[in-house]
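Architecture and fold: a report
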Amino acid sequence: MAVKELQESQRLEFSWLLLLKMFLLFFKIGAFTIGGGFAMLPLIQDAFTIKNQWLTEEEFVDIIAIVQSMPGTIAINTSVFVGYKVLGVPGVIVSVLGAALPSFIIISIIAYFFSQFRDLAIMESVLKGARPAVVALILMPAFRIGKRVIKTKRHIIFVVVSLSILVFGILHPVVVIVAGGLLGMFFFRNEEIE
Amino acid sequence: MSVLLRLYFVFARIGLVSFGGGYAMVPLIEEEIVRSQQWLVAEEIVDILTISEMTPGPIAINLATFVGYRIDGILGSLIATLGVITPALVLVFIVAKFFFYFRDHPLMETILRGVRPVVIALIVTAAVLIARSGINDWSSIAIFLASFLAVAKLKLDPVMVIVISGVVGAIIY
């Protein structure tokens with residue numbers, strides 16, 4: 001049985017410049033996360049696996065699986081996980097701070113001016129335009145991951161079955177993830193990749 | 001117990017038990033903030049949710065910041081936000097620390113092979129859920145297709161795509 005050596009990204013050497021760069025990346029990601037934690041994923045993938053090779057695609061997928069199976073919200077969990085993987089404890093601090101700060105600032109301002117912002121029609125129009133783009137962006141990680149992960153018919157069956165279960169809300173996502181893992185132990189045990 | 005301390009622990013509890021995304025927090029927030037602590041009334045929660053949807057940033061952070069602000073100003077929003085991220089910080093930190101040790105284990109690798117296709121399905125599901133409310137006329141279909149091509153073929157920066165489509169939205173809607 002040949003289990004392929006997992007690809008792992010290298011832990012980066014700590015430097016203040018790198019820390020600052022990571023903070024700014026997460027700040028930008030936090031500021032452009034529109035419509036929930038999943039909207040963060042294409043931005044994280046773009047910043048951490050494409051523009052900088054700080055995570056491998058496999059690590060990115062595994063991180064999503066784990067943070068989805070844990071309590072807490074996707075946005076925060078993912079930030080913590082990615083921050084830790086790339087730069088250890090200082091990485092966690094700047095990733096969470098960076099991701100949370102834009103909403104913190106924006107919401108504090110809105111809370112202060114609540115009555116005026118309530119009927120700000122322009123904001124609604126901007127977001128109405130951005131939402132379809134977010135749908136397209138969220139699909140990107142699915143395609144990129146799919147290219148690497150889907151190799152046999154079994155993989156396709158796994159995707160189609162879990163997609164139907166999830167879209168129709170038949171089972172909780174955590175249950176589907178755990179079931180996928182358990183079934184994986186039987187169906188992908190002797191499988192050789194490549 | 002002072003209000004701030006209570007705020008911290010209420011949001012820490014919300015952060016601990018909410019599974020999968022900011023929306024999962026809503027019933028919990030109603031239970032804790034409206035019914036049990038009576039800090040806000042139910043309509044205010046709806047307003048906060050609308051604003052969270054209308055502003056960028058993770059919904060969980062938006063909700064915590066807003067509720068905290070309503071209860072005790074900037075300090076309140078700081079405390080509530082800290083509260084909601086604390087459990088994730090501790091738990092994910094522990095799991096992250098161990099995960100990369102066990103990841104190479106053959107059994108773990110077979111488990112992950114089964115999980116990865118599910119992750120693809122999860123991501124597509126998230127896109128479908130947003131599409132249900134976000135893609136409902138011809139212009140939104142056009143924006144969707146244009147954004148898709150812009151990122152997939154032209155390799156445009158995702159943030160750029162959001163900004164451009166936002167500007168387009170402001171013009172056409």
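We now turn to the structure provided with this report. (Residues numbered from 1 in each chain as written. Chains lettered and ligands numbered in written order. Predicted model: local features only at pLDDT ≥ 70, side-chain atom pairs only at ≥ 80, totals over all residues. Heavy atoms only, no water.)

1. Here we look at the overall build of chain A
Along chain A, the regular secondary structure elements total eight helices and zero strands. In chain A, the succession of helices and strands from N to C terminus is α-α-α-α-α-α-α-α. Counting every position in chain A, which comprises 194 residues, the buried fraction comes to 57%. A separation of at least 24 residues holds for 67% of the contacts in chain A among residues at least 6 apart in sequence. Only carbon and sulfur atoms are counted for the fraction: they give 68% of the accessible area of chain A, which is about 8700 Å². (Helix = DSSP H or I, 4+ residues; strand = E, 2+ residues; numbered from the N terminus. Buried < 20%, exposed > 50% of the residue type's maximum accessible area, 1.4 Å probe, protein only. Contact = heavy atoms within 4.5 Å. Areas by Shrake-Rupley, 256 points an atom, 1.4 Å probe, with all protein chains shown as cover.)

2. Some thoughts on the interface of chain A and chain B
Facing 104 residues of chain A, the contacting portion of chain B comprises 87 residues. Summing both partners gives a buried area of about 8700 Å² for chain A against chain B, and 79% of it is carried by carbon and sulfur. A:Asp62 is the salt-bridge partner of B:Arg116, the closest N and O atoms lying 2.8 Å from each other. Our count for the chain A to chain B interface comes out at four residue pairs in polar contact (both at pLDDT 80 or more). Of all the secondary-structure elements, those providing two or more residues to the side of chain A that touches chain B are helix H1 (16–31), helix H2 (40–51), helix H3 (57–68), helix H4 (74–112), helix H5 (114–118), helix H6 (121–149), helix H7 (153–167) and helix H8 (173–187) of chain A. For the side of chain A that touches chain B, the element with the most residues is H6(A), which contributes 25 residues. For the side of chain A that touches chain B, the residue count by class is 68 nonpolar, 21 polar and 15 charged. (Buried area = accessible area lost by both parts, 1.4 Å probe. Salt bridge = Lys/Arg side-chain N within 4 Å of Asp/Glu carboxyl O. Polar contact = N/O pair within 3.5 Å; in protein donor to acceptor, adjacent residues only side chain to side chain. Nonpolar A, V, L, I, M, F, W, Y, C, P; charged D, E, K, R; others polar.)

3. Some details on the packing of aromatic side chains
Evaluated as defined, the whole model comprises eleven aromatic pairs over all chains. Seen in terms of ring centroids, A:Phe143 and B:Phe148 are 5.6 Å apart; in terms of plane orientation they differ by 75 degrees. Their pairing is edge-to-face. Of this pair, A:Phe143 sits in helix H6 while B:Phe148 sits in helix H6 (residues 138–152), on two different chains. Each ring, one from B:Phe144 and one from B:Phe148, has its centre 6.3 Å from the other, and the planes form 40 degrees; the classification is tilted. Here B:Phe144 and its partner B:Phe148 are both found in helix H6, four residues apart, which amounts to about one turn of the helix. Taken together, the aromatic side chains of A:Phe26, A:Phe48 and A:Trp54 make up a single cluster linked through ring pairs. (Phe/Tyr/Trp six-rings, centres within 6.5 Å; stacked < 30°, edge-to-face > 60°.)

4. Notes on H8(A)
All names here are of chain A. For H8, which comprises 15 residues, the first-to-last C-alpha distance of 20 Å matches the rise-based estimate of 21 Å (1.5 Å per residue) to within 8%. Along H8, the residues that are buried comprise Val 174, Val 176, Ile 177, Gly 180, Gly 181 and Gly 184. Projection of H8 onto a plane perpendicular to its axis shows the buried side chains occupying an angular sector of 165 degrees, all on one side. (Expected span 1.5 Å × (residues − 1). Arc of directions from axis to C-beta.)

5. Brief notes about H2(A)
In this model, H2(A) (twelve residues) spans 15 Å end to end at C-alpha, consistent with the 16 Å of a helix rising 1.5 Å per residue. Counting buried positions along H2(A) gives ten out of twelve residues, so the element sits mostly inside the fold. Within H2(A), the full set of buried residues consists of A:Met40, A:Leu41, A:Pro42, A:Leu43, A:Ile44, A:Gln45, A:Asp46, A:Ala47, A:Phe48 and A:Thr49. Tucked into the core, H2(A) has its buried residues touching H1, H3, H4 and H6 of chain A together with helix H5 (106–134) and helix H7 (158–172) of chain B.

6. Thoughts on a nonpolar patch on the surface
All names here are of chain B. The grouping of Leu 154, Leu 156, Met 160, Val 163, Ile 164, Val 167, Val 168, Ile 171 and Ile 172 at the surface amounts to a nonpolar patch, some 780 Å² of accessible area in total. Tracing the chain through its elements places Leu 154 in the loop between H6 and H7. When its relative accessible area of 62% is taken as the criterion, Leu 154 is described as exposed. (Patch = residues over 30% accessible without salt bridge, like charges linked within 9 Å, V, L, I, M, F, W, Y side chains within 5 Å.)

7. Some remarks on the nonpolar core
Counting residues in hydrophobic clusters, the biggest one holds 113 residues, and the most contacted among them are A:Phe48, A:Phe81, A:Ile138, B:Phe11 and B:Ile123. Here this core gets 18 residues from one element, more than from any other, and that element is helix H4 (residues 59–102) of chain B. (Core = buried A, V, L, I, M, F, W, Y, C linked by side-chain atoms within 4.5 Å.)

8. Overview of unusual backbone geometry
One can expect most non-glycine residues to show negative phi and most peptide bonds to be in trans. Residues and elements named next belong to chain B. Its identity as a non-glycine residue notwithstanding, Gln 38 has a phi of 55 degrees, on the positive side. You can see Gln 38 is positioned in the loop between helix H2 (25–36) and helix H3 (42–54). Given a relative accessible area of 62%, Gln 38 falls into the exposed group. Positive phi, close to 55 degrees, is recorded for Lys 155, a residue that is not glycine.

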